[in-house]
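Examining the three-dimensional arrangement
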Amino acid sequence: MLAVYVRNDEARRVAAGFAATTPTLSPYWQQLDRALADVPALGTVVARLTADLAGSRLDRANLIAAIRAALVADAEGAGDPLACLRDELDERQAFAGMSGGDRDDA
């Protein structure tokens, strides 16, 4: 994203230079500058979505691990093969309660 911000800043400087040298086209350069001003806001959204996706991937990996552990426990004849899965689900529910419900209850 740093490279995107650098190119965006350079484009805004170029647009400002053109606006200064061609005042008759100034409204168009201003419109371009306003459009380029949206890039940092979009970068913030991308960063938040990237973090959300990383959290979702971790949640998914943890659930898959718990499911696999339950399947192995069942195959080995464990007395309570679903214990791992229940523990993971209980942990997720407890975390959601502590954090105000940011994570999905499974």
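Below is a summary of the structure that appears in this document. (Residues numbered from 1 in each chain as written. Predicted model: local features only at pLDDT ≥ 70, side-chain atom pairs only at ≥ 80, totals over all residues. Heavy atoms only, no water.)

1. Here's the deal with the overall build of the protein chain
Secondary structure assignment for the protein chain yields three helices and zero strands. Ordered by position in the sequence, the α and β elements of the protein chain form the string α-α-α. Here the protein chain has a C-alpha radius of gyration of 25 Å; the compact-globule value for 106 residues is 13 Å, and the former is much larger. Split into buried and exposed, the 106 residues of the protein chain put 13% on the buried side. Taking contacts inside the protein chain between residues at least 6 apart in sequence as the whole, the part at least 24 apart equals 40%. As displayed, the protein chain offers around 7800 Å² of accessible surface, 62% of which is attributable to carbon and sulfur atoms. (Helix = DSSP H or I, 4+ residues; strand = E, 2+ residues; numbered from the N terminus. Rg over C-alpha atoms; globule rule 2.2 N^0.38 Å. Buried < 20%, exposed > 50% of the residue type's maximum accessible area, 1.4 Å probe, protein only. Contact = heavy atoms within 4.5 Å. Areas by Shrake-Rupley, 256 points an atom, 1.4 Å probe, with all protein chains shown as cover.)

2. Focus on the environment of Pro40
Structurally, Pro40 can be placed in helix α2 (residues 26-75). Residue classification places Pro40 among the partly exposed residues on the basis of a relative accessible area of 36%. Each C-alpha atom of the pair Pro40 and Tyr5 lies 7.2 Å from the other, and the pair is 35 residues apart in sequence. Setting aside its immediate chain neighbours within four residues, Pro40 contacts Tyr5 and Asn8.

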